[in-house]
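One letter stands for each residue in the lines below.
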Amino acid sequence: MKIRPWLVRLVLVSAMLVPTALRAEPCEQLLGATAPTSVVTLAKLVSEGDFTPAGTADTLHDLPSFCRVAATLKPSSDSDIRIEVWLPAAHWNGKFLAVGSGGWGGSLAYAAMADALRRGYATSATDDGHTGPSASFVVGHPEKFIDFAYRAEHEMTTEAKSLILAFYGRAPRYSFWSGCSGGGREALLQASRYPEEFDGIIAGDPANIRRNAWALERAVETLKTPGDYIPPQKYPMIHRAVLEACDADDGLKDGLIEDPESCQVDFKKLQCENADGPNCLTARQVHTAQALTSPVTTATGQILVPRVEPGTELRWGRLAGGPEPADLFVDEFRYVVYKDPEWDWRTFNLARDSARAHAIDRNVDELNPDLTTFARHGGKLLLYHGWADQQVAPGFTVDFYKAVLDVSAVAGQAWVRLFMAPGMAHCSGGEGPDTFDALTVLERWVEQSEAPKLIIASHKTAGKVDRTRPLCPYPEIARYKGTGSIDEASDFTCSSSR
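Here's what I pulled together on the structure shown here. Keep in mind that this is a model prediction, so the values were computed, not measured. (Residues numbered from 1 in each chain as written. Predicted model: local features only at pLDDT ≥ 70, side-chain atom pairs only at ≥ 80, totals over all residues. Heavy atoms only, no water.)

## Some remarks on the pattern of salt bridges
Throughout the structure, instances matching the rule amount to 23 salt bridges. Here Lys74 makes a salt bridge to Asp80, at a shortest N to O gap of 3.4 Å. On the basis of relative accessibility, which here comes to 25%, the residue Asp80 falls in the partly exposed class. Here Arg151 ties to Asp147 by a salt bridge, and the two come within 2.6 Å at their closest N and O atoms. Of the two residues, Arg151 and Asp147 both sit in helix 3 (residues 142-168), four residues apart, roughly one turn of that helix. The exposure class assigned to Asp147 is buried, which follows from its relative accessible area of 0%. When salt bridges that share partners are traced, they join Lys74, Asp80 and Arg82 into one network. (Salt bridge = Lys/Arg side-chain N within 4 Å of Asp/Glu carboxyl O. Buried < 20%, exposed > 50% of the residue type's maximum accessible area, 1.4 Å probe, protein only. Helix = DSSP H or I, 4+ residues; strand = E, 2+ residues; numbered from the N terminus.)

## Side note on unusual backbone geometry
With omega at 0°, the peptide bond leading from Gly322 into Pro323 counts as cis. Among the secondary structure elements, Pro323 is positioned in the loop between helix 8 (317-320) and helix 9 (327-337). Cis geometry marks the peptide bond from Tyr474 to Pro475, where omega comes out at 10°. Residue placement: Pro475 occurs in the loop between strand 16 (464-471) and strand 17 (477-480). The backbone phi angle of Asp128 is positive, close to 70°, even though this residue is not glycine. When you line up the elements, Asp128 lands in the loop between strand 8 (122-126) and helix 3. Under the relative-accessibility criterion, Asp128 is labelled buried at 0%. In the Ramachandran plot, Lys339 falls in the positive-phi region, its phi being about 50° despite a non-glycine side chain. Here Lys339 shows up in the loop between helix 9 and helix 10 (350-361).

## Points about the pairing of strand 9 (residues 174-180)
Regular strands have side chains that alternate between both faces of the sheet. Taken across its seven residues, strand 9 has five buried, putting it largely inside the fold. For strand 7 (residues 95-99) and strand 9, the ladder comprises five bridges, and the chain directions are parallel. Its bridge partner lying in strand 9, Ala98 is registered against Trp177. Summarising the sheet, strand 9 and strand 10 (residues 200-204) pair through five bridges and their orientation is parallel. Across the sheet, Gly179 pairs through a bridge with Ala203, a residue of strand 10. Read from strand 9 through helix 4 (residues 182-193) to strand 10, the crossover connection turns out right-handed. (Pairing = 2+ DSSP bridges. Right-handed = clockwise from strand over helix to strand, strands pointing away.)

## A closer look at helix 9
Burial runs high along helix 9: 10 of the 11 residues are buried. When helix 9 is considered as a whole, its buried residues turn out to be Leu328, Phe329, Val330, Asp331, Glu332, Phe333, Arg334, Tyr335, Val336 and Val337. The inward-facing, buried residues of helix 9 abut helix 3, helix 5 (211-223), helix 8 and helix 10. Just downstream of helix 9 lies Lys339, where phi reads positive at about 50°. (Contact = heavy atoms within 4.5 Å.)

## A short note on the state of the cysteines
For the coordinates displayed, the defined rule picks out five disulfides. The disulfide partner of Cys180 is Cys427, and the gap between their sulfur atoms is 2.0 Å. What sets the handedness of the Cys180 and Cys427 disulfide is the S-S torsion sign, and at about -100° it is left-handed. With a gap of 247 residues between them, Cys180 in strand 9 and Cys427 in the loop between strand 14 (416-421) and helix 13 (438-448) connect regions that are remote in the sequence. Assessed through its relative accessible area of 22%, Cys427 is described here as partly exposed. Covalently, Cys272 is tied to Cys280 through a disulfide, its sulfur atoms 1.9 Å apart. (Disulfide = S-S within 2.5 Å.)

## Let's talk about the environment of Ala54
Structurally, the position occupied by Ala54 is in the loop between strand 3 (49-51) and strand 4 (60-63). A C-alpha to C-alpha distance of 51 Å links Ala54 and Asp249, two positions 195 residues apart in sequence.

## Structural notes on the side chain of Arg211
With respect to the element layout, Arg211 can be found in helix 5. Excluding anything up to four places from it in sequence, Arg211 contacts Leu328, Phe329, Gln391, Val392 and Phe396.

## Considerations on the nonpolar core
Ranked by size, the top nonpolar core spans 103 residues in total, and within it Leu87, Ile238, Trp316 and Leu381 carry the most contacts. When residues in this core are grouped by element, the largest group, 12 residues, is from helix 3. When residues no more than four places from it in sequence are discounted, the contact partners of Trp316 are Ile230, Tyr235, Ile238, Phe267, Ala289, Leu292, Thr293, Val308 and Gly321. (Core = buried A, V, L, I, M, F, W, Y, C linked by side-chain atoms within 4.5 Å.)

## Section: the packing of aromatic side chains
Given two aromatic rings, one states the distance between the centres and the angle between the planes to describe the pair. Enumeration over the complete set of coordinates arrives at 23 aromatic pairs. Ring centres of Phe51 and Trp86 lie 5.9 Å apart, and the angle between their planes is 75°; on these two criteria the pair is classed as edge-to-face. Here Phe51 is found in strand 3, whereas its partner Trp86 is found in strand 6 (residues 81-88), with 35 residues between them in sequence. For Phe51, a relative accessible area of 12% translates into the label buried. Classification of Trp86 by relative accessible area gives buried; the value is 0%. Aromatic rings pair up to connect Phe51, Phe66, Trp86 and Tyr110 into one cluster. The ring centre of Tyr150 lies 3.8 Å from the NZ or CZ of Arg193, which sits over that ring. (Phe/Tyr/Trp six-rings, centres within 6.5 Å; stacked < 30°, edge-to-face > 60°. Lys NZ or Arg CZ within 6 Å of the ring centre and 35° of its normal.)

## Here's the deal with the sheet that holds strand 13 (residues 380-386)
Across the sheet, which stays open at both edges, the 10 strands sit in the order 1-2-5-6-8-7-9-10-13-14 with mixed pairing between neighbours. The strands lining the two open edges of the sheet, one partner per strand, are strand 1 (34-35) and strand 14. Those strands touched by helix 2 (residues 110-118) are strand 5 (66-73), strand 6, strand 7 and strand 8, and its axis lies near 20° from that of strand 6. Contacting strand 13 and strand 14, helix 12 (residues 394-407) crosses the sheet at an angle of about 160° to strand 14. (Axes fitted to C-alpha atoms, helices over the stretch in contact; angles between N-to-C directions.)

Listed below in structure tokens is the structure:
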């Protein structure tokens, strides 16, 4: 573990003065500590209770007392990475949890840090080296693109571990990462580039950078020509038709598609017989529906990009709601590829533009499925993805998982698992159970060698749990035992039969 030299000196001095103290260095004395690439700008003890970080409107409730440390990191001449590290003032569980950022980053994940703190973790987050949700920071700043991709997260982790050592007088027993979407992508980049940094990693709905080309291809297909547009008012009608076609394929009609990979829907059955109406699709809208739920293929049928899975229809607006594609997707080409804020998404060509993006991303932000060193280090990787994800095609993660098993020179699945969540939208939400405690599962896996056989997930309506289900390790799916409640996880079993 790389430790900042100035913090080593602090620990040694403090250990000589107070050898039996839990904290090697009081919180406030961390302020102003500097190193060639970092400076601590805030170190303050925060009382237990509610806390509202400056510059945010969200109050975090029921926090234990903690030492709040903020620092600025400058690993390159153009870097300006902001991080925070929160250190429990008492009852530290001896572990460290880094949390990831979503989208293009630009802010700190305070809510995730608060969750970690309540569990007794020392925790950290970063803004990925810039402020705001746009990718405009990339133009003219290639070092900031590297910071965003992987360097900010690595430097944050190194600094956090040094601060933990300084504050407590000892290093964390275990180090974990947890992130979804952009945070899931960050997790996998850390696992491949810094394989000894974490003992366990949770990567949810990882936003493979190729997702942006996929999303724009869908937008061009559905938004470029007005007649192809499907009004959102028709989404519920389409969703009902999809459930009618595939809901019972797993032997249980319960409003969820357990195995959408096997679901095929003929949208021509919804085509209007005469004039357009609220309960049917025009011929061009049928084409749009088919395009959204079909993979992008070559002329020979080779799949280039996976599809939006059936069951996602209520949230098609994220890709096809218009009037233009979401900035999240356009920014890859507007700022990273063409470096032109006025770039017109209507000119997008999948073959040409995805190749240009890949040439830029491949050594910076592309995911590498060879995680051999991470696995041999003893690392455990828990992947999950919602089958009804409207923002990142679930097939991206399924394909990545298969590639990991193929190219990582470590036999078996003892170190990696993928859990697919039927009906779950992007990271959370949707009609399916979307709430589960992946961190406890990972802790048992890392600390007790208890590989997860399933994860219990729950769904809430108006704050009340109304359904629980097991999430099964891919490619297994949950099957109803035939008796008992269809809303109780105990009445289901994981089966390898698809």
